[in-house]
Amino acid sequence: MSTTQLYTKYTRVWIPDPDDVWRSAEIIKDYKEGDKSLQLKLEDETLYEYPIDLQGNELPFLRNPDILVGQNDLTALSYLHEPAVLHNLKVRFLESNHIYTYCGIVLVAINPYEQLPIYEQDVIYAYSGQNMGDMDPHIFAVAEEAYKQMAREEKNQSIIVSGESGAGKTVSAKYAMRFFATVGGSASETNIEAKVLASSPIMEAIGNAKTTRNDNSSRFGKYIQIGFDKRFHIIGANMRTYLLEKSRVVFQAEDERNYHIFYQLCASASLPEFKDLGLTCAEDFFYASQGGDTSIDGVDDADDFEKTRHAFTLLGVKESHQMIIFRIIAAILHLGNLEIQGERDGEACSVSSEDEHLSNFCSLLGVEHSQMQHWLCHRKLVTTAETYVKSMSLHQVVNARNALAKHIYAQLFNWIVQHINKALHTTVKQHSFIGVLDIYGFETFEVNSFEQFCINYANEKLQQQFNSHVFKLEQEEYMKEEIPWTLIDFYDNQPCIDLIEAKLGILDLLDEECKVPKGTDQNWAQKLYDRHAASQHFQKPRMSNTSFIVLHFADKVEYQSEGFLEKNRDTVYEEQINILKASKYQMVADLFQEEDTVPTTAVGKGTPRISVRSARPAFKAANKEHRKTVGHQFRNSLHLLMETLNATTPHYVRCIKPNDEKLPFKFDPKRAVQQLRACGVLETIRISAAGFPSRWSYPDFFNRYRVLMNKRDLSKNDKRQICQTLLEDLIKDPDKFQFGRTKIFFRAGQVAYLEKLRADKFRAATIMIQKTVRGWLQRTKYQRLRRATLVLQRYARGCLARRLAEHLRRTRAAIILQKQYRMLRIRRAFQRIRNATLTIQAFARGMFVKRIYHQMLIEHKAIILQKYVRGWLARVRFRRIRAAAVVLQCHLRRLRAQRQLRALRIEARSAQHLKKLNIGMENKVVQLQRKVDEQNKEYKLLNEQLSMLTSAHSSEVEKLKKELQQYQQSQRGDDNQLLSLQGKMEQLRMELEKAHGEREVIEDSHGKEKDLLRKRISDLEEENALLKQEKEELNRRILCQSEDEFARNTVEENIQMKKELEEERSRYQNLVKEYSSLEQRYDNLRDEMTIIKQAPGHRRNPSNQSSLESDSNNPSICTSEIGDTEDVIQQVEEAGMEKAAMDMTLFLKLQKRVRELELERKKLQTQLEKKEQERQKSQVIETKTQVTPEHEDFAYNSLKRQELESENKKLKNELNELRKAIADHATQNNSSNDMRDSYNLLLNQLKSANEELEVRKEEVLILRSQIMKAAQQKDMGKNMESISPNASWPNSDRHVDQEDAIEAYQGMCETNRKTEDWGYLNEDGELGLAYQGLKQVARLLEAQLQDQRREHEEEMEALRNQVDLMQEELEKQQQVFLQTLQLSPEVQVEFGLQQEITRLTNENLDLKELLEKLEKNEKKLKKQLKIYMKKIQDFEASQTMVPVERRSHERNMQVAVQRKEKDFQGMLEYYKEDEPLLIRNLITDLKPQAVSATVPCLPAYILYMCIRHADYINDDQKVHSLLTSTINGVKKVLKKHHDDFEMTSFWLANTCRLLHCLKQYSGEEGFMTQNTAKQNEHCLKNFDLTEYRQVLGHLSIQIYQQLINIAGGILQPMIVPAVLENESIQGLSSVKPMGYRKYSSAVAEGDSSYSLDEMIRQLNTFHSIMCDQGLDPEIIQQVFKQLFYMINAVALNNLLLRKDVCSWSTGMQLRFNISQLEEWLRGKNLQQSGAAQTLEPLIQAAQLLQLKKKTSEDAEAICSLCTSLTTQQIVKILNLYTPVNEFEERVTVAFIRNIQKHLQERNDPPQLLLDFKHMFPVLFPFNPSAITMDSIHLPASLNLDFLNKV
């Protein structure tokens, strides 16, 4: 269709406007060809007639449909022209607050003049790895595209950032470098990325200044090359600078400042190290105060100076060099304050020698004061004959001073840049680089000088390169799609560039004029007029002879020639430079030594010097080479820059300044259009519009415009053919579109025409729908009215019927009321008469009764009066008699008292001792106690004396007996001596009886006093009990009052403690994660160093040598410090002392932090355990009562075990001897009969010896156990003796010492062992033998009884366990049955099949284990049978005889056979040398599939059984070695399989199971509550492995984090396509036109996107792997909670950064996809894991997209609903919300402001995106196993034959 056909009624167009540049209007009348005007209606409803030039036929620009407004890419607009671009940028900037917009390959960045939260670290991670068109426009997207192209194509990249001052170029370049530093961080410890970022504050301080347009304007251009290695890590950087504005050092315009460093130094002048600089405030210096205000609002110069100094330090600038730099800057300030005094009418001048500023200048730079004073005012003229010294005029001196100041600052600037490059330089070979060009944009001012000319010249070159690159990309796109194309005409600015840089161009003429001795600016301008007057790009102003005009690509600029020559020469006098060269400061002298070098070398290296002075006189230069001018040097450096850019792939960022007032989010259309024209954005639009700007892929076009197709075309399968057919029918002109290989190309306006047809089709369909709906509504309304009428009639008739019924009812009621009323009136009259009669009768009868009562009352009172009178008379008489008797008694008693008083007065003086005795009555109890103690001591002393006397008496009696026997033998007749001895004996007996008597007396007195004290104590105890009861009552009342408050405080404390514990656990696990990353980085560094060294031979670095020791902090392991020291030494040898020291300090800091956290964790654990211990006190008391029998059983078992071991060894030796003897028999020639006899004899001897041995062993064991019991009773007796000294044995009434009793028992045991001493009972020893036999029989019976009792208990315990198991199984089946009842029939069938399969699998495994046991026993029996058969055959075949003496000797020899094999005790034995083989077969080389059909976590059980055997034999070295090797082996496997989810899950399950086993069998009561008796037998006995449990806990955390990282890496690419982009509900979403960025990246991907079903299948895979490998359910829940949080964070972050997915249809799709994920969680019974709660922000975002967004009620609903979203996230989604169809409405700015007003009270965090790398703290709950160690079978596939079952 023709273009004029689009100008119909209701079409909107753009017309020019003097204020807004372009204004929107609507056509109110169809336009026809030949009309002279166009009838329009403006937005304010005013009519306007737009004139049309009939010759040019220039119609106004058409406006794009509203559906296309606000596009991310300007090239996606259907109509590409200036007003459409301006309007799209304005809408995005003001309404959506989007500062970035794509324009093809250009990123347009508008300065918001406000800090936005879109540059955080999480935003960088969100853009990293994403395609450029998938996310919203951003500087990070451009940086990611450059980084990705560098990595994919291995080609250097460049990012060109341009724009005028204040547009934000420096900030954009800074953010791009921050992105590269974050994404491509260096792999080494050099922190090169930090140094790259640290160069920014230095360059801003010395190269940026405040201007009228920008507070931080860069007054130089720079190109930073960031180098990358083959792994694309940052290895270094290099900076090139261009055209520093030196004139700013000596002159600033109004409201401008000098460079920031001057003001920063003045603000810090008060620091002590800067006292010698002689600085004051900036207002006191001429060079810093010419612009007026020296401060900037919101900027702290002192704080910025600290940042600058810190950056200098980070880049390696020494402190001394920093001070020299600051001295030079201060010297420049002092140089500007010199007072120059004119002489001889200004022809000469001088500087005072006492000038303070001159002295400061000379002292700061270290130069001669007199020489500098002289040569500031004089200059030297050298001729061929002689040299002259000439005075300079005042004007010349000021210019020379200013030139010197500019030259000093320029040299200092160059030195700092070179030093930065040295700090950023690297010796590693650079593989590729990304350059960031931050250069000035096109400038035009009222007065334009040499600087503006150079800037605009550079922009001409860049614009030429930009145009050619855009044209090249456009043509490449057409060629790739194989469509016919013609050359596109685009603006070529080569003539303008030739005008400037060609031979005899402006720069050549300027250099030529500079060589003329008396060249002037006017002469140069005249030469320009003469030479270039005919050029199209050069003009001469009418009113000036010193200015010229250049027509640049952006605008024409008038330049004033005044000052061009001086700035181009950049003259500075040689005498002043020579003085500076002689400075006493080496750095100052070095700054000016570089003049002697040839400047071309710097240009060749790519680091040209910006400021170059004029050359010396030609006659003095030996090589006759002139110094290059500033213009020539700038031209060379610009050519070098263009060569670099042309050799790279460029990326463009155009910065736009929205207004000149620096107000946030204010858009000035005039300024914006001016910059869009200058930066080439509109040129890009023009090039795109000249070809085919609109491009659609075939599937997107089909989905968008399928409503325009008929059913016949839709039935075809070829979408491309359908699209071709449709376009050929709709667009008749074939030049308006082209069909490519993957896309359809449209001319400008054709997409708008298709959109119009689509809208018309929708409008017709809408009318049809409205007609049908309105008819249905009318019919529904009529039916509703008809039903209402019928209801009203029914109710009216009912109302009339009810009225008649009511009248009849009321009439009947009135009759009844009359009847009742009449009856009531007659009845009341009757009752009134009857009541009156009854009342009269009652009063009459009462009167007669009252009279009788009064008479009786009077008589009764008379009797009472008589009774009281008679009693009173009797009492009076008694009192009188008693008073007389009392008087007599008183007189008698007084007489006796007087007598006693006289006696007491006589004895008063002798009774004073009674008072003294009464003084100590209060201490009576204490004295009694002391007396008791003294009596106890005396009692013990008497006991000791008595025992001594008894012993002495017994010894004396023995002695006397012996002497008596001797005397009887020697002197039988000496009777006198015998009598004397008998007398002595009698005397001793008397003394002994006396002692006994005294002892009895003392005991009686002691007993009495003891009874008294006990009575007193009992009284005190009763009083104490009463007081305790009162106290308990008071406490009970207090507790009742404060119980609620205490409970509430306890709950709050528990909650707070849990929170602190969770936070501590999170910090602790993050520290473990950091430690593991440091360890990984250390291993990587070690590998790199070994590769770099390439030393001969194999050298292994023990990376894991001290991993266990450093993690566990085990004080019992002495190798940790040694291992750490060896690691440090190895690091020093390989990487150097500096790096190793840094790593070691970092490692020690981390280790210290780990210890501190561990102490805090232990404190928290002790606080929790204290509360638990209070509850367990009762259990502890009960367990104490059971210690004694358990200890006895343990003693018996240990003795039995030792005895059996010794007997086993002995029997093995005897069996070997027997076998040896049999072998010797076989070698002899004996007869077969003799061999049979000897064989039978040996068997008989074996049986008899075996029986006797069993009897002896039982006796020995019983005897030893009794001895141990006696020893225990002895200890208990000692304890009881300390408690009750009068304790007695239970079977004896007399006092017997306990030690004597034990000694007697032991002596009796010894006599039982010695049969030769039994004669002490009788002469024959028969009684002793009988007693011994009976005792042995009793012991045997007792042992048998104990065995039977033990077997019975074991059977009972087994039966109880079986009952418990059956009950648990029954409960499980009931739960399963209840769950299945709640499911649907199909799910019930599937669930039943799963249960049946599980049951059959378990039974199959049990049968397999039983079959393996039976096969093993069968093989063993077959082997034994073969051995016995072979022996019998050997015996029968042998014909030799054995000698008689040998045979007799063998008959008497003890024979032993192998004992019957005992049951498996759940321990595995291995030799030390087999440990590496065990680790290799069980850990390193083990595949999870190898143990998939066995018990889950089988390696963990096997390792524990090996640890248990090492504990059993008490080998601590073996335990330490095995655990260390296990942990190192697991780490090695995880490092090798760092991306294998199945392997990581497998070892997480085994590590956790090993940790649970170490807890379950540790012997601690808290972990043994669920153990069976059999499991308690498998506990560790000798070692406490608590610290190893801590190491395993650390390892489990690391494995868990690796598991999450692996799963996250697998899921992350699926999340956005599956959750956001997957079209689960077909046909719901629609497709909008895509821009250049979108279709350039979307086609390359094809159909590689993931669906939601694929992601759910991946989640099923994760879940099945973890469940099959026996991972704890609690850990599985935590894993999926973490994964679902990542799904939520990644999806929400992507939603917040993409405009194309923020629509109503996406919200519907997103809600459906989330419901699928929630359904999956319910299907896997993961509702309690908290995973569904982590999706709440994403759910609310989906609901926000679907809610209405118009009224204030809608705003309140959104605020109340979106509680999990922050304010920034809600506002961001509303700003991004984009209608997909024309019928949807955009969110208004007023509605968003209303939302922000409602959400002001929220205290949300400032961050916009969620941290998808955030990891919840993991908790490993204790989960004991029901499997016993003796029931575990070792599969043969593990190759663990060297393990022996114990």
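Refer to the structure printed above.
These notes cover the structure that comes with them.

## Digging into the sheet that holds strand β4 (residues 47–51)
Right, on to step 1. The strand order β4-β3-β2-β1-β5 describes an open sheet built from five strands, whose pairing is antiparallel. On the outer flanks of this sheet lie β4 and β5 (61–62), each paired with one strand and no other.
Right, on to step 2. Alignment of strand β3 (residues 37–42) against β4, held across five bridges, turns out to be antiparallel. Within the sheet, the bridge partner assigned to L38 lies in β4 and is Y50.

## Some thoughts on the packing of helix α6 (residues 260–267) against helix α8 (residues 301–314)
Right, on to step 1. Viewed as axis vectors pointing N to C, α6 and α8 meet at an angle of 105 degrees, and their least axial separation amounts to 8 Å. When the interaxial angle is binned, α6 and α8 end up roughly perpendicular. Side by side, α6 and α8 meet where I261, Y263, Q264, L265 and A267 of the first sit next to D301, A302, D304, F305 and T308 of the second.

## Section: the environment of I226
Right, on to step 1. In this structure, I226 sits in strand β11 (residues 221–228).
Right, on to step 2. The class of I226 is buried, set by a relative accessible area of 1%.
Right, on to step 3. Considered as a pair, I226 and I192 are 34 residues apart in the sequence and their alpha carbons are 9.9 Å apart.
Right, on to step 4. Residues contacting I226, with those up to four places away along its chain left out, are M177, F180, I234, G236, A237, S432, F433 and I434.

## Quick notes on the pairing of strand β6 (residues 100–103)
Right, on to step 1. Here β6 shows no split at all, with Y100 and Y102 on one side and T101 and C103 on the other all buried.
Right, on to step 2. Taken together, the four bridges between β6 and strand β7 (residues 106–110) define a ladder with antiparallel strand orientation. The residue bridging T101 from the neighbouring strand is V108, located in β7.
Right, on to step 3. In textbook terms, the turn of a hairpin is the stretch between consecutive antiparallel strands, and for β6 and β7 this stretch comprises two residues, one of which, G104, has a positive phi near 70 degrees.

## Quick notes on the packing of aromatic side chains
Right, on to step 1. All told, the structure shown has 41 aromatic pairs when counted by the stated rule.
Right, on to step 2. Each ring, one from Y119 and one from F140, has its centre 6.0 Å from the other, and the planes form 90 degrees; the classification is edge-to-face. Residue Y119 is found in the loop between β7 and α2 (121–127), and its partner F140 is found in helix α3 (residues 139–153); the two are separated by 21 residues along the sequence. Here the two residues Y119 and F140 agree in accessibility, since each one is buried.
Right, on to step 3. Aromatic rings pair up to connect F450, F453, W524, Y529, F538, F548, Y559 and F564 into one cluster.
Right, on to step 4. When the ring centre of Y529 is taken as reference, the NZ or CZ atom of K540 above it lies at 5.1 Å.
Right, on to step 5. K1518 extends its terminal NZ or CZ atom over the ring of Y1470, reaching a point 4.1 Å from the ring centre.

## Quick look at the pattern of salt bridges
Right, on to step 1. What the rule picks out here adds up to 32 salt bridges.
Right, on to step 2. Measuring nitrogen to oxygen at the nearest pair gives 2.8 Å for the salt bridge that ties D760 to R763. With a gap of three residues between them, D760 and R763 both fall in helix α27 (residues 750–906), about one helical turn apart.
Right, on to step 3. Note on D760: relative accessible area 31%, which makes it partly exposed.
Right, on to step 4. Here R1553 ties to D1672 by a salt bridge, and the two come within 3.6 Å at their closest N and O atoms. Of the two residues, R1553 is situated in helix α44 (residues 1541–1560) and D1672 in the loop between α48 (1652–1668) and α49 (1673–1696); the sequence distance between them amounts to 119 residues.
Right, on to step 5. A relative accessible area of 7% means that R1553 is categorised as buried.
Right, on to step 6. With relative accessibility at 4%, the residue D1672 sits in the buried group.
Right, on to step 7. Each of E164, K657, D660 and R671 takes part in one network of salt bridges that share partners.

## What about the state of the cysteines?
Right, on to step 1. Under the counting rule described, the total for this entry stands at zero disulfides.
Right, on to step 2. No disulfide involves C377; its sulfur sits 4.4 Å from the nearest other cysteine sulfur, which is in C349.
Right, on to step 3. Look at C377 and you get buried, because its relative accessible area is 1%.

## Some points on the sheet that holds strand β18 (residues 538–539)
Right, on to step 1. Spatially, β18-β19-β20 is the arrangement adopted by the three strands of the open sheet, whose pairing is antiparallel. Each end of this open sheet is capped by a strand with a single partner; those strands are β18 and β20 (556–560).
Right, on to step 2. Pairing analysis gives two bridges linking β18 to strand β19 (residues 547–551), with the strands arranged antiparallel. For Q539, the partnering residue across the bridge sits in β19 and is I549.

## Thoughts on the pairing of β20
Right, on to step 1. Here β20 shows a clear split, with V557 and Y559 buried on one side and none of K556, E558 and Q560 buried on the other.
Right, on to step 2. With five bridges connecting them, β19 and β20 associate as antiparallel partners. The residue of β20 that forms the bridge with S547 is Q560.
Right, on to step 3. Linking β19 to β20, which pair antiparallel, is a turn of four residues.

## What to know about the nonpolar core
Right, on to step 1. Within the largest apolar cluster, 328 residues are counted, with the highest numbers of intra-cluster contacts made by F180, F262, F548, I1502, M1655, F1680 and L1843.
Right, on to step 2. Top contributing element to this core by residue count: helix α46 (residues 1586–1621), with 18 residues.
Right, on to step 3. V13, Y79, L727 and L754 belong to the second largest nonpolar core, which has 35 residues in total.

## Quick word on unusual backbone geometry
Peptide bonds are trans in most cases, and residues, glycine excluded, mostly fall at negative phi.
Right, on to step 1. A positive phi angle, close to 70 degrees, is found at E45, a residue other than glycine.
Right, on to step 2. Relative to the elements of secondary structure, E45 occurs in the loop between β3 and β4.
Right, on to step 3. Residue E45 is classed as exposed on the basis of its relative accessible area, which comes to 54%.
Right, on to step 4. A positive phi angle, near 65 degrees, is found at F232, a position not held by glycine.
Right, on to step 5. Within the element layout of this structure, F232 appears in the loop between β11 and β12 (234–242).

Conventions adopted
Residues numbered from 1 in each chain as written. Predicted model: local features only at pLDDT ≥ 70, side-chain atom pairs only at ≥ 80, totals over all residues. Heavy atoms only, no water. Pairing = 2+ DSSP bridges. Helix = DSSP H or I, 4+ residues; strand = E, 2+ residues; numbered from the N terminus. Axes fitted to C-alpha atoms, helices over the stretch in contact; angles between N-to-C directions. Parallel < 35°, antiparallel > 145°, perpendicular 65-115°, else oblique. Contact = heavy atoms within 4.5 Å. Buried < 20%, exposed > 50% of the residue type's maximum accessible area, 1.4 Å probe, protein only. Phe/Tyr/Trp six-rings, centres within 6.5 Å; stacked < 30°, edge-to-face > 60°. Lys NZ or Arg CZ within 6 Å of the ring centre and 35° of its normal. Salt bridge = Lys/Arg side-chain N within 4 Å of Asp/Glu carboxyl O. Disulfide = S-S within 2.5 Å. Core = buried A, V, L, I, M, F, W, Y, C linked by side-chain atoms within 4.5 Å.

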